[in-house]
Amino acid sequence: MEERNAEVAALGDSVILSTVDAVIGWGRKYSFFTYPFITACCGMEFMSVAGPRYDIDRFGAALPRFSPRQADILLVVGTISHKQAPILVKVYNQMTEPKWVFSYGACVCSGGMYNDYSTVQGIDTILPVDIYVPGCPPRPEMVFDGLIKLQELVAKERSSKWPRGEAEFAPKVKR
Amino acid sequence: MVELSERIKRLLPDAVLSAGSSLGQQYVVVRREAVVEAMRKLRDDETMLFNFMMDLTAVDYLGKRAHDARYEIVYHLYSLKHHHRIRVKVSVGADDPSLDSIVPVWKGADWFEREAWDLYGITFKGHPNLKRILLYEEFVGHPLRKDYPIKKRQPLIGPEN
Ligand code: SF4
């Protein structure tokens, strides 16, 4: 052991020791490709998040991919109705791992003000959600706060978490 | 000058039950059996020429009106020629909420009538394709009726919650 410590000391500053997970996590957290699944009014606020004034690009999450197969983050933005739910699950299951789900706005987190016949009462009933940002709609600052928290989460993740597998969703009626 | 609703009443004495204006909007209440005939006349008469069916919807007056006049179907018509508009209202009862379809008069009424059927359960007799337009096929009931339980969930295709 002592011998090894001496060896390490001899290397000086020319080597940095880390774990593979930490390096991968560091790389991932600054290079999110997003899939914006936008269905309702929160999308208006998402435009200002993505636009030049607030500029989500500063956090490395600017590039929207319009194919779920190329995306890491599923940004669920806007009310999800029961009719939309199977589509959302299909999109999630098409994304390659690792993947994270960002619940954007009160409607997506809990159904928001729509406690009624048509709205899914929170997408965590159909998908695993990694970050919840409430607000109707949330201000861009809140979204960035959520994004930074998600980055912290991603940086700490262990590779054993993946793959997470398909979302469990058993529709009562097959179509 | 005679008000538009009054003129319509004179034009269709058998069909119009009452006429008036509310907050500046002229309206006529039409007998349920006469609706298609009255609409055709409103569209074709030289002094009316309501060639644009702007809106068709329904209202549920549960607890506010008698059982046999529970629902009201409301049409909004506009004339591109004369630039005048009218609101036409028809009452139907709770036991048989049905009336004749006006699709033969204005084709554009098709989806409006499907929507009123989907959400209020009003049957439009003679409609070419009366099926759900907004909700999914498996949905049971008509959710905008006032007696549809607000907490009721029909997780037929979505999650159970
Ligand atoms: S949370 Fe508010 S702003 Fe966002 S989709 Fe729902 S109703 Fe619209």
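Up top is the structure these notes are about.
Residues numbered from 1 in each chain as written. Chains lettered and ligands numbered in written order. Predicted model: local features only at pLDDT ≥ 70, side-chain atom pairs only at ≥ 80, totals over all residues. Heavy atoms only, no water.

A. Structural context of helix 3 (residues 109-120) of chain B. All names here are of chain B. Look at helix 3: 16 Å from first C-alpha to last across 12 residues, which is about the 16 Å you get at 1.5 Å a residue. Looking only at helix 3, the buried set comprises Ala109, Asp110, Glu113, Arg114, Ala116, Asp118, Leu119 and Tyr120. Tucked inside the fold, the buried residues of helix 3 contact strand 3 (52-60), strand 4 (71-78) and strand 7 (123-125). Glycine 121 sits one or two positions beyond helix 3 and adopts a positive phi of about 70°. (Helix = DSSP H or I, 4+ residues; strand = E, 2+ residues; numbered from the N terminus. Expected span 1.5 Å × (residues − 1). Buried < 20%, exposed > 50% of the residue type's maximum accessible area, 1.4 Å probe, protein only. Contact = heavy atoms within 4.5 Å.)

B. Local environment of the packing of helix 2 (residues 20-29) of chain A against helix 6 (residues 140-156) of chain A. All names here are of chain A. Between helix 2 and helix 6, the least distance of the axes is 7 Å, while the angle of their chain directions is 155°. Here helix 2 is positioned roughly antiparallel relative to helix 6, judged by the angle of their axes. Classified by chirality, the crossing of helix 6 by helix 2 is right-handed. Taking contact as the criterion, the partners of Gly25, Arg28 and Lys29 in helix 2 are, on helix 6, Gln151, Val154 and Ala155. (Axes fitted to C-alpha atoms, helices over the stretch in contact; angles between N-to-C directions. Parallel < 35°, antiparallel > 145°, perpendicular 65-115°, else oblique. Left-handed = near helix turned anticlockwise from the far one by under 90°.)

C. Highlighting helix 1 (residues 4-11) of chain B. Residue and element names in this part refer to chain B. Residues of helix 1 that are buried include every one of Leu4, Ser5 and Ile8, and no others. The arc that holds every buried residue of helix 1, seen down its axis, measures 100°, which confines them to one face. At its buried positions, helix 1 is contacted by strand 1 (16-22), strand 2 (25-30), helix 2 (35-44) and strand 5 (85-92). (Arc of directions from axis to C-beta.)

D. Representation of the sheet that holds strand 3 of chain B within the structure. Residues and elements named next belong to chain B. One open sheet holds the 5 strands; their spatial order is 1-2-5-4-3, and the pairing between them is mixed. The sheet is open, and its two edges are formed by strand 1 and strand 3, each paired on a single side. Here the strands of the sheet are splayed against their neighbours by 20° on average, with no regard to which way each runs. Strand direction decides the pairing type here: strand 4 and strand 5, joined by 8 bridges, are antiparallel. Directly across from leucine 77, in strand 5, lies its bridge partner isoleucine 86. Contacts from helix 2 reach strand 2, strand 4 and strand 5, with the element oriented near 15° to strand 4. (Pairing = 2+ DSSP bridges.)

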